[in-house]
Amino acid sequence: MPINLPDEISTNRLILRQPQLSDAAALFDAYTQDAAVARYMVWVPHKSVFETEGFIAYCCEAWSNGKARPYIISSQSEPTRPIGILEARLRGHMVDLGYVLAREHWGAGLMPEAVGVLTNMALADPLCLRVQAVCDTENTASARTLEKAGFTREATLQRYIVHPNISAAPRACFMYAHCK
Ligand SMILES: CC(C)(COP(=O)(O)OP(=O)(O)OC[C@H]1O[C@@H](n2cnc3c(N)ncnc32)[C@H](O)[C@@H]1OP(=O)(O)O)[C@@H](O)C(=O)NCCC(=O)NCCS
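In this text the structure is predicted, and so the values were computed from the model without any measurement.

Enquirer: How should the overall build of the protein be read in this particular structure?
Expert: Counting secondary structure elements, the protein contains five helices and eight strands. Counting helices and strands in the order they occur from the N terminus, the protein gives β-β-α-α-α-β-β-β-α-β-α-β-β. Taking 16 Å as the expected radius of gyration for a compact globule of 180 residues, we find that the protein reaches 15 Å, a close match to that expectation. Along the longest, intermediate and shortest principal axes, the C-alpha atoms of the protein span 40 × 35 × 30 Å.

Right under this line is the structure:
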């Protein structure tokens, strides 16, 4: 039985919900084509909305087969406009997080808010003992997101992950976790 997370999550300022193929165009406009957003991600900026449709198809499949819950993020004030994704990958007793937000919304503390609420919900399930995330050691914004959401930096993982927008060589990452 996978860790239990709800289909929809509300925070003070955000709504997190299941993805739909019709989200692709709005996500393309919001961030999937943006090189600044993609800099520390494992994907390269999308050249057309068709690439974003392929990504959303993966999200829908992962949601239905129970491997992950990639939540579409929108603001409470504009619920029909997707502005990012928070993906919870369900791995036995742990959840592994990935997240991204459209550039126009950076700096308002939105992602720490989303990560904090989702993490508390995951850890409320007796099955869940650990919520973790990794980020490039140069991705200060992501490291700060995790620290503000109450995560602890556990380690530096050398040569851990390729971030292709920077280089083809595997790079160092910080491992952060929130355990109980
Ligand atoms: C990482 C990310 C999700 C942070 O979300 P956010 O809601 O902007 O987070 P916060 O508002 O709490 O800001 C976190 C840090 O970002 C930095 N920051 C703030 N405003 C910023 C801006 N306008 N531009 C760039 N960085 C900014 C600061 O270091 C801030 O830390 P501080 O509050 O201690 O000053 C967002 O920057 C993002 O989507 N980046 C691109 C995708 C990415 O790197 N995802 C993580 C992969 S591991």
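Enquirer: What exactly am I supposed to notice about the site of the ligand here?
Expert: Among the 21 residues in the neighbourhood of the ligand, the closest are listed as Gly-107, Met-111, Cys-135, Ala-141 and Arg-144. Secondary structure elements with two or more residues in the shell around the ligand: strand S5 (94-101), helix H4 (110-124) and helix H5 (140-148). Take the shell around the ligand: its biggest share by element is six residues, from H5.

Enquirer: Would you mind showing me how to read the pairing of strand S2 (residues 14-17) here?
Expert: As a general feature of sheets, a regular strand has side chains that alternate between the two faces. The two faces of S2 differ: Leu-14 and Leu-16 on one face are buried, but Ile-15 and Arg-17 on the other face are not. Between strand S1 (residues 9-10) and S2, which pair antiparallel in sequence order, lie three residues. As paired elements, S2 and strand S3 (residues 68-75) share four bridges and run antiparallel to each other. Residue pairing for S3: Leu-16 is matched across the bridge by Ile-73.

Enquirer: How do you make sense of the packing of helix H1 (residues 24-32) against helix H3 (residues 49-65) when you look at a structure like this?
Expert: A pair of packed helices can be characterised by two numbers: the angle between their axes and the separation between those axes. The N-to-C vectors of H1 and H3 enclose an angle of 110°; their axes lie 9 Å apart at closest approach. By the angle between their axes, H1 is roughly perpendicular relative to H3. Residue-level contacts link Ala-24, Ala-25, Leu-27, Phe-28 and Thr-32 of H1 to Val-49, Thr-52, Glu-53 and Ile-56 of H3. Taken together, the residues that form the contact of H1 with H3 break down as six nonpolar, two polar and one charged.

Enquirer: Would you mind going over unusual backbone geometry with me for this structure?
Expert: With glycine set apart, most residues show a phi of negative sign, and most peptide bonds adopt trans. Its identity is not glycine, yet Arg-159 carries a phi of approximately 50°, on the positive side. Its place among the elements puts Arg-159 in strand S7 (residues 152-161). The exposed category is assigned to Arg-159, around which 10 C-beta atoms lie within 10 Å.

Enquirer: Quick question: what am I supposed to make of the sheet that holds S3 here?
Expert: The strands making up a sheet associate through hydrogen bonds between their backbones, and the pairing can be parallel or antiparallel. Spatially, S1-S2-S3-S4-S5-S6-S8-S7 is the arrangement adopted by the eight strands of the open sheet, whose pairing is mixed. Strands with a single pairing partner mark the edges of an open sheet, and in this sheet they are S1 and S7.

Enquirer: Got a minute to help me understand the pairing of S5 in this structure?
Expert: Where strand S4 (residues 78-91) lies against S5, eight bridges are found, and the strand directions are antiparallel. Opposite Leu-86, over in S5, you have Tyr-99 as the bridge partner. The antiparallel pairing of S4 with S5 creates a hairpin that spans two residues between the two strands, and Gly-92 there sits at a positive phi of about 60°. The pairing of S5 with strand S6 (residues 130-136) spans three bridges and is parallel. Within S6, the residue paired with Met-94 across the bridge is Arg-130. After leaving S5, the chain enters H4 and then returns to the sheet as S6, a path that is right-handed.

Cut-offs applied
The numbering scheme is per chain: residues are counted from 1 as the chain's sequence reads. It should be noted that, the model being predicted, local features are given only for residues of pLDDT at least 70 and side-chain atom pairs only at 80 or more, the latter also being counted only at that level, while totals for whole chains, interfaces and linings use all residues. Numbering of helices and strands runs from the N terminus; a helix is a DSSP stretch of H or I covering at least four residues, while a strand is a stretch of E covering at least two. Atoms counted for the radius of gyration: C-alpha only. Globule rule: 2.2 Å times the number of residues to the power 0.38. Residues are classed as near a molecule or strand if the C-beta position derived from their backbone is within 6 Å of it. Using C-beta atoms placed from the backbone, we call a residue buried if 20 or more other C-beta atoms fall within 10 Å of its own, exposed if 12 or fewer do, and partly exposed for counts in between. Two strands form a pair only when DSSP identifies at least two bridges running between them. All axes here are fitted lines through C-alpha atoms, helices being fitted over the stretch that makes contact, and every angle between N-to-C directions spans 0 to 180 degrees. Angle categories are assigned with fixed cut-offs, so that under 35 degrees is roughly parallel, over 145 is roughly antiparallel, 65 to 115 is roughly perpendicular, and the rest are oblique. In this description, any two residues whose backbone-derived C-beta atoms lie within 7 Å of each other are considered to be in contact. Residue type decides the class: Asp, Glu, Lys and Arg count as charged, Ala, Val, Leu, Ile, Met, Phe, Trp, Tyr, Cys and Pro as nonpolar, and the leftover types, Gly among them, as polar. For the handedness criterion, the strands are oriented away from the viewer, and a crossover whose path from the first strand over the helix to the second runs clockwise is classed as right-handed.

Worth remembering: the numbers are spatial, not functional.
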